[in-house]
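A structural walkthrough
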Amino acid sequence: MATAKPGQKRPLGSSGGGPPAKKGFWSLGLLDSMKDPNLQVEKDDKVVVIKDKYPKARYHYLVLPKENISKLKALQPDHLELLKHMHEVGERIIKEAIGEEGLSYRLGYHAVPSMSHLHLHAISQDFDSPSLKTKKHWNSFTSAYFVDSKEVMDQLEKEGKVDTSAKNPEAQLKLPLRCHVCKKELTNMPKLKEHIVTHIKKS
DNA sequence: GTTCTAGAAC
DNA sequence: GTTCTAGAAC
């Protein structure tokens, strides 16, 4: 007998062949992604570079330390060299990927990431991707919620720790939809996406 | 983080 | 009537 009623809901975003994931375990998904050969781009003794599983632009990579660092707040002063290395690797990878396409890019961290395990985003600024769907997606990459890698490194160097709470991250996510290039405000995501492609120069 | 969908917004 | 968003996921 089937036990599922029609229309019954179940936790999503973690299925795909393996055993049923327990509630809340999706936040550890980067650990699996780091090991996934389909996502892995390169690794060295300190970091692993992967393609974001749901890229929010044409080129979107994550640089993760092999060392298990849960979040920005866990950073200690002696992690500065690691952050510099992550930045250098991320910059090389994203430049290489973009090639002659002429897209700009940014390197940075989300103030309050959903996924555990420190990860540096290296993302091209076209934001031309079917996985970019929600206001939270948009604002997490185009508002102060996205903290530049250099700013994180500076803060760690000067303060000995990293604290992004002064940016009011939760409020950033609720800001109106605004084009990151010309600052025009759009009323919904489809209109925003239609607008931003006009800023991508054709190659 | 994503998926799904009820009901708001148009 | 259709599009779009926001919140639950047992």
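Residues numbered from 1 in each chain as written. Chains lettered and ligands numbered in written order. Predicted model: local features only at pLDDT ≥ 70, side-chain atom pairs only at ≥ 80, totals over all residues. Heavy atoms only, no water.

In the annotation of an unreviewed UniProt entry, the entry for chain A reads HIT domain-containing protein, and the organism field reads Patiria miniata. Taken directly from UniProt, the Subcellular location (unreviewed entry) text for chain A runs: "Nucleus". (UniProt positions renumbered as here; feature names shortened; annotations may be inferred.)

Another aspect to go through is the side chain of His 117. Along the chain, His 117 falls in the loop between strand S4 (105-110) and strand S5 (120-124). Engagement of the side chain of His 117 in a polar contact is seen with the backbone oxygen of Pro 65, the distance being 2.9 Å. Residues contacting His 117, with those up to four places away along its chain left out, are Leu 30, Leu 31, Met 34, Leu 64, Pro 65, Lys 66, Glu 67, Asn 68, Ile 69 and Ser 70. (Helix = DSSP H or I, 4+ residues; strand = E, 2+ residues; numbered from the N terminus. Polar contact = N/O pair within 3.5 Å; in protein donor to acceptor, adjacent residues only side chain to side chain. Contact = heavy atoms within 4.5 Å.)

As a further point, take the UniProt feature "domain: HIT" (unreviewed entry) in chain A. Under the local residue numbering, the UniProt record ascribes the feature "domain: HIT" (unreviewed entry) to residues 27-132. Overall, residues 27-132 shows 25% helix and 25% strand. The separation of its end C-alpha atoms is 19 Å.

Taken as a whole, this structure holds zero disulfides when the rule is applied. No disulfide involves Cys 179; its sulfur sits 3.8 Å from the nearest other cysteine sulfur, which is in Cys 182. Assessed through its relative accessible area of 1%, Cys 179 is described here as buried. (Disulfide = S-S within 2.5 Å. Buried < 20%, exposed > 50% of the residue type's maximum accessible area, 1.4 Å probe, protein only.)

Turning to the layout of surface pockets, a few remarks are in order. Each pocket or cavity is described by its volume, and for the second largest pocket that value is around 260 Å³. Lys 71, Lys 73, Ala 111, Val 112 and Pro 113 are, among the 16 residues lining the second largest pocket, the residues nearest its centre. Broken down by class, the residue content of the lining of the second largest pocket amounts to seven nonpolar, six polar and three charged. (1 Å grid on protein atoms, 1.4 Å probe; cavity = no way out; pocket = protein on both sides within 12 Å on 5 of 7 lines; lining within 4 Å. Points joined across faces, edges and corners; volume = space filled by probe spheres on them. Nonpolar A, V, L, I, M, F, W, Y, C, P; charged D, E, K, R; others polar.)

The next subject is the pattern of salt bridges. The final tally for this structure, using the stated rule, is eight salt bridges. Two residues, Glu 101 and Arg 58, come together in a salt bridge whose shortest N-O distance is 3.2 Å. With Glu 101 in the loop between helix H2 (80-98) and S4 and Arg 58 in the loop between strand S2 (47-51) and strand S3 (60-65), the pair connects residues that are 43 residues apart, well separated along the chain. The class of Arg 58 is partly exposed, set by a relative accessible area of 37%. The shortest N-O distance in the salt bridge between Arg 58 and Asp 128 comes to 2.9 Å. Of the two residues, Arg 58 is situated in the loop between S2 and S3 and Asp 128 in the loop between S5 and helix H3 (135-142); the sequence distance between them amounts to 70 residues. Given the relative accessible area of 31%, Asp 128 is considered partly exposed. (Salt bridge = Lys/Arg side-chain N within 4 Å of Asp/Glu carboxyl O.)

In this section: the environment of Gly 90. Relative to the helices and strands, Gly 90 is located in helix H2. Sequence separation between Gly 90 and Val 49 is 41 residues, and the spatial gap between their C-alpha atoms is 7.7 Å. Not counting the four nearest positions on each side in its chain, Gly 90 is found in contact with Val 63, Leu 107 and Ala 122.

This next bit is on the confidence of the model for chain A. Per-residue confidence for chain A gives a mean pLDDT of 92; residues scoring 70 or more make up 90%. Note that pLDDT drops below 50 for residues 1-7; the model gives that stretch one contact with residues more than four away or on any other chain. Note on residues 13-17: pLDDT under 50 across the span, and two contacts to partners over four residues away in sequence or across chains. (pLDDT = per-residue confidence, 0-100.)

Moving on, we get to the packing of aromatic side chains. For any pair of aromatic rings, the description consists of the separation of the ring centres together with the inter-plane angle of the planes. Here the structure, examined in full by the defined rule, presents three aromatic pairs. With centroids separated by 5.1 Å and ring planes inclined at 70°, the aromatic side chains of Phe 127 and Trp 138 adopt a geometry described as edge-to-face. Pair noted here: Phe 127 is in the loop between S5 and H3 and Trp 138 is in helix H3, with a separation of eleven residues, a long-range link. Here Phe 127 and Trp 138 have matching classes, each one buried. Each ring, one from Phe 127 and one from Phe 141, has its centre 6.4 Å from the other, and the planes form 50°; the classification is tilted. With Phe 127 in the loop between S5 and H3 and Phe 141 in helix H3, this residue pair connects regions lying 14 residues apart in the sequence. A relative accessible area of 1% places Phe 127 in the buried class. (Phe/Tyr/Trp six-rings, centres within 6.5 Å; stacked < 30°, edge-to-face > 60°.)

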